[in-house]
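Take a look at the letters that make up each chain.
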Amino acid sequence: MGESVFVGGGGEAYGEPQNLLLKYANRHGLIAGATGTGKTVTLQILAESFSAEGVPVFMADVKGDLSGLARSGTPEHKLHDAFMSRAGKIGFDDYGYDAFPVVFWDLFGEKGHPIRTTLAEMGPLLLSRLLELTEAQEGILNIAFRLSDEEGMALLDLKDLQALLVWIGENSKTLSLRYGNISTASVGAIQRRLIVLENQGAGSFFGEPALKLEDMIATTPGGQGRINVLAADKLMGSPRLYGTFLLWLLSELFEELPEVGDPDKPKFVFFFDEAHLLFEDAPKALTDKVEQVARLIRSKGVGVYFITQSPDDVPEDILGQLGNRVQHALRAFTPRDLKALKAAAETFRPNPDFDTQDAIRDVGVGEAVVSLLQAKGVPSVVQRTLIRPPSSQLGPITEDERAQVMAGSPLSGLYDEAVDRESAFEILAKRASAAADEAARIEAEEEKKELELREFQKAKRYDAPSRSRSTSSRSSTRSSKSDSISQTLVKAAIRTATTRNGQRMIRGILGGLFKGR
């Protein structure tokens, strides 16, 4: 184990070798550059280096290229000669090919182990921010979570919350006496936002078994850090779901990891690939949370690195927290490009040997201008650098190779099958079914009584023939009035039992959907 990871170096035309000190690796970083300039390879070699030093890594694989980390590079690769030449030029004497311990994840469960969490674990505050609810809507969501706790109805997946919100809407008048005004319009607004989330695939994200962070922040028996690769090619088409997942994961890291001060090396490194896609349409809650994490999570030993096309893709408040910079080429063809190029150059500590703005425009594929934190956390003078070649396979692996990696995964079978235990949806469905059965039983009993009454009245007309007509008439009149009143009450009870409001009244008499009420 060393004290730094080797990023790259150079020959006569380049500066000193660039090493990322592990003790400052948790002070976050940025890898930027135009498409095709080598950002993904830089990300790949950093993941390799962190893993070799026993640091677990998480990264979102947007293009599928990062799956190559699971396979060793080979001399048969078309770039083998170029890799060996570069390794010799930059003094990378112990360069060789190697595979790394990769665990594949996928929120949809197609290209990796599913990632799930429960609504109870996310909580009403994060969910409200994610759904961008108003104050009144957030209050109703808090009522739902409160009722879930008080009545022992777990909120595990979306259908649990949707069912509980339906019940709250139907009983809003009763609940308002205890919890304050509950508007059915606000309940409906929450339901609509949940449908949007569900349509983007959140139904598979919320549920059990829920991910345990220790299964992601782990090392192999040999001491290598696990590289967690999230398949994000399909996920990026569902920005709301992607934001949900990242918001949850960052919050879990922030809340669960203990304070460690300034460790000798990070406990975990988190890479945001294609960060511009993340911030373009991100909810403000996500941006605020990322900013909070960037400011505070360093003391918990977590490094956060953003990979994007231009530094101005990252919000300014977050960009200021990124101390380690690797800037690949930026092409300036428009006034906006020129402005971005100038802004990128101004973020570096200048080097008197060259103009930083010209260097950023002129570096080739696999080259970059680099500034890394050195002693006492001070950024180094910017240097032109040849990025070291990767040891793992460059480019994606095949589907068969991915299946083999997943079959040999230490987490195989642990998260693959969803578990749908009894929760709010099932409990409410059972109570509603029991109440409906009871209402049907009462209705049947009333119908039976009405039938018996009709039979009794029919038989009574042929009773006591010796009575006088007047007496019979008076008795008949009294009986008719009495019977008419009885029948009216019975029929009213039947109608009450068969109507929806009547069933609610009966359920209220029988104890309601909530036990003991």
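Residues numbered from 1 in each chain as written. Predicted model: local features only at pLDDT ≥ 70, side-chain atom pairs only at ≥ 80, totals over all residues. Heavy atoms only, no water.

Participant: Which parts of the structure should I look at to understand the overall build of the protein chain?
Facilitator: When helices and strands are counted, the protein chain shows 18 helices and 11 strands. The proportion of buried residues among the 517 residues of the protein chain is 51%. Sequence-distant contacts, at least 24 apart, represent 77% of the contacts inside the protein chain between residues at least 6 apart. (Helix = DSSP H or I, 4+ residues; strand = E, 2+ residues; numbered from the N terminus. Buried < 20%, exposed > 50% of the residue type's maximum accessible area, 1.4 Å probe, protein only. Contact = heavy atoms within 4.5 Å.)

Participant: Is there a simple way to explain the environment of Met236 in this structure?
Facilitator: With respect to the element layout, Met236 can be found in the loop between β6 (227-231) and α9 (239-256). Each C-alpha atom of the pair Met236 and Leu278 lies 8.3 Å from the other, and the pair is 42 residues apart in sequence.

Participant: Would you take a moment to explain helix α7 (residues 184-205) for this structure?
Facilitator: Three or four residues apart is the spacing at which side chains of an α-helix point the same way, because the helix has 3.6 residues per turn. Under the 1.5 Å per step criterion, the end-to-end length of α7 is only 27 Å for 22 residues, more than 12% shorter than the ideal 32 Å. Bending of α7 peaks at approximately 80° at the position of Asn199. Among all positions of α7, only Ser186, Val187, Ala189, Ile190, Gln191, Leu194, Leu197, Gly201, Ala202 and Phe205 are buried. For α7, the N-terminal capping position is held by Ser183, with its side-chain oxygen 3.2 Å away from the main-chain nitrogen of Ala185. Gly207 sits one or two residues past α7 and shows a positive phi near 160°. (Expected span 1.5 Å × (residues − 1). Bend = angle between axes of the 7 residues up to and from the residue. Polar contact = N/O pair within 3.5 Å; in protein donor to acceptor, adjacent residues only side chain to side chain.)

Participant: Is there a simple way to think about helix α2 (residues 80-89) in this case?
Facilitator: Residues His80, Phe83 and Ala87 constitute the buried set of α2. For α2, the angular spread of buried residues about the axis comes to 65°, placing them on one side. Residues of α2 that are exposed and point over 90 degrees away from its buried face: Asp81, Gly88 and Lys89. Trailing α2 by a residue or two, Gly91 shows a phi angle of about 80°, which is positive. (Arc of directions from axis to C-beta.)

Participant: So what exactly am I meant to see when it comes to the packing of helix α5 (residues 158-170) against helix α16 (residues 424-460) here?
Facilitator: Each packed pair of helices is defined by two parameters, the angle between the axes and the distance between the axes. Where α5 meets α16, the axes come as close as 7 Å, and the angle between the chain directions of the two elements is 40°. Taken together, the axis directions place α5 and α16 in an arrangement best described as oblique. Packed against α5, whose contacting residues are Lys159, Asp160, Ala163, Leu164 and Trp167, the element α16 presents Ala424, Phe425, Glu426 and Leu428 at the interface. In terms of residue class, the contact of α5 with α16 is made up of six nonpolar, no polar and three charged. (Axes fitted to C-alpha atoms, helices over the stretch in contact; angles between N-to-C directions. Parallel < 35°, antiparallel > 145°, perpendicular 65-115°, else oblique. Nonpolar A, V, L, I, M, F, W, Y, C, P; charged D, E, K, R; others polar.)

Participant: Looking at this structure, how should I read unusual backbone geometry?
Facilitator: A negative phi angle is the norm for most residues apart from glycine, just as the trans form is the norm for most peptide bonds. Cis peptide bonds are those with omega within 30 degrees of zero, and the linkage from Glu208 to Pro209 qualifies with 0°. Of note in the backbone geometry, Glu132 takes a positive phi value of approximately 55° without being a glycine. Among the secondary structure elements, Glu132 is positioned in the loop between α3 (119-131) and α4 (135-150).

Participant: In this structure, what is going on with the nonpolar core? I would like to understand it.
Facilitator: Side chains that are nonpolar tend, in soluble globular proteins, to be buried together. In this structure, Ile115, Phe245, Phe270 and Phe306 are the most contacted members of the largest nonpolar core, which totals 81 residues. No other element matches the 10 residues that α9 contributes to this core. Phe245 has contacts with Phe58, Leu107, Ile115, Phe205 and Leu230, leaving out every residue within four places of it along the chain. Leu22, Met59, Val269 and Met406 belong to the second-largest nonpolar core, a separate cluster that totals 34 residues. (Core = buried A, V, L, I, M, F, W, Y, C linked by side-chain atoms within 4.5 Å.)

Participant: Help me understand the pattern of salt bridges in this model?
Facilitator: Close approach of charged atoms allows side chains with opposite charge to pair. With the rule as written, the count across this model stands at 18 salt bridges. Note that Glu150 is salt-bridged to Arg146, the shortest N-O span being 2.9 Å. Taken as a pair, Glu150 and Arg146 lie in helix α4 at a separation of four residues, close to a single helical turn. Accessibility expressed as a relative area gives 33% for Glu150, which makes it partly exposed. For Arg146, a relative accessible area of 47% puts it in the partly exposed group. Ionic pairing is found between Glu450 and Arg454, a salt bridge with its closest N-O pair at 3.5 Å. Here Arg454 and Glu450 lie together in helix α16, a separation of four residues that amounts to about one turn. A single salt-bridge network, built from bridges that share partners, covers Arg146, Glu150 and Arg178. (Salt bridge = Lys/Arg side-chain N within 4 Å of Asp/Glu carboxyl O.)

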